[in-house]
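Read off the chains here:
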Amino acid sequence: MDAIALLTRDHREVEQLFKQFDKLTERAQKTMKKLVTKMIRELAIHSAVEEMLFYPAVRTAALKADTRAGEAASDLVLESLEEHHIVKWTLSELEKMDPEDERYCAKVEVLMESVRHHIEEEEGDLFPKARKLLGQEMLDELGKRMEKAKKLAPTRPHPRAPDSPPGNLVAGLMAAMMDRSKDMLRGLLPGQKETNA
Ligand SMILES: [Fe+2]
Ligand SMILES: [Fe+2]
C-alpha cells in the first residue's frame, strides 16, 4: 500500500468513528467515552506518522522542485501542521474529560469539524500535489516505512512536543514508549477507568 493509500484508509476509519458518534444518544455515555478514546488513539498515531515521515518527505521534495506547485505544497504542509496542533490540544483536553461534563459533546463536535475539514484539504489538495512531487516509487517506499512506524508511534496527543524532524523523531519515540506502557498498564490493572489519562 502506498503512503497516500495508507493515510486515506486511516481517514476512512476515523470518519467511521465520527459517524458512530453522530448516531449516539446522550445517555450512551460509556459508549461515547470508548469511541472518543479510540478517536484519540487513531488520530494521535495518524498525525504522528504524517509528521514523522509523510510531511517531511513532501516538504523536502517540494523545496527541491523549486516550482510554484512545490511552493504551494510546502505551504500546505505548514498549514497542516498548524491544523494538527489545534486538533492535538482538543484531543489532550478531551482525554482528561468525562462525558458528564457539559462541554464534552461540544468539544467532540468541534474536533470532528476540524478533522473533517483537515481531511478534505489533505485529500483534495495536498495528496494530489504530493503524488506528483514524490512519484509512485517513493510513495511505495514511504508507505512501507509508515506502516511500520504506525506500530511504534505515540498513542496519545502531545501538543507541546516538536512536530517536525529531527525533534519529533526523538521526542516521538520517547512519548510512544510512555504511551504504550500506560496503555498496557490500563489493560492489566484492575479497576482502571476507560480513559487515556
Ligand atoms: Fe491525514
Ligand atoms: Fe494530517
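Moving on, we get to the overall build of the chain. Check the secondary structure of the chain and you find 5 helices and 0 strands. Across the chain, helices and strands are ordered from the amino to the carboxyl terminus as α-α-α-α-α. What you see for the chain is a C-alpha radius of gyration of 17 Å, in line with the 16 Å of a compact globule of 197 residues. A principal-axis box enclosing the C-alpha atoms of the chain has dimensions of 55 × 30 × 30 Å. Counting only residues that meet the buried cut, the chain has 34% of its 197 residues in that class. In the chain, once contacts between residues fewer than 6 apart in sequence are set aside, the share between residues at least 24 apart is 77%.

Let us look at the nonpolar core. Of all hydrophobic cores here, the largest spans 42 residues; its most connected members are V49, F54 and V58. For this core, the elements supplying multiple residues, two or more each, are α1 (3-23), α2 (29-65), α3 (68-94), α4 (104-150) and α5 (167-188). Sequence-distant contacts of V58, that is, excluding residues within four places in its chain, are made with A73, V77, A130, L133 and L134.

This part takes up the packing of α3 against α4. One way to put it is that α3 packs onto α4 with a least axis distance of 10 Å and a crossing angle of 155 degrees. It follows from the interaxial angle that α3 and α4 lie roughly antiparallel. As for how α3 packs across α4, the hand of that crossing is left-handed. When grouped by side-chain class, the residues that make up the contact of α3 with α4 number 15 nonpolar, 5 polar and 6 charged.

This brings us to the environment of T155. Topologically, T155 is positioned in the loop between α4 and α5. Look at T155 and you get partly exposed, because 18 C-beta atoms sit within 10 Å. With 41 residues separating them in the primary sequence, T155 and S114 have C-alpha atoms 19 Å apart. With residues up to four places along the chain from it excluded, the contact list for T155 reads R41, A44, I45, D179, R180 and D183.

Before going further, it helps to examine α2. Compared with the 54 Å implied by 1.5 Å per residue over 37 residues, the 50 Å span of α2 between its first and last C-alpha is a close match. Its axis deflected by about 45 degrees at E51, α2 carries its strongest bend there. Positive backbone phi, approximately 50 degrees, marks D66, located one or two places after α2.

Definitions and cut-offs
Residues numbered from 1 in each chain as written. Chains lettered and ligands numbered in written order. Predicted model: local features only at pLDDT ≥ 70, side-chain atom pairs only at ≥ 80, totals over all residues. Helix = DSSP H or I, 4+ residues; strand = E, 2+ residues; numbered from the N terminus. Rg over C-alpha atoms; globule rule 2.2 N^0.38 Å. Buried ≥ 20, exposed ≤ 12 C-beta atoms within 10 Å, placed from the backbone. Contact = placed C-beta atoms within 7 Å. Core = buried A, V, L, I, M, F, W, Y, C linked by C-beta atoms within 7 Å. Axes fitted to C-alpha atoms, helices over the stretch in contact; angles between N-to-C directions. Parallel < 35°, antiparallel > 145°, perpendicular 65-115°, else oblique. Left-handed = near helix turned anticlockwise from the far one by under 90°. Nonpolar A, V, L, I, M, F, W, Y, C, P; charged D, E, K, R; others polar. Expected span 1.5 Å × (residues − 1). Bend = angle between axes of the 7 residues up to and from the residue.

Treat this as a map of the structure, not an account of what it does.
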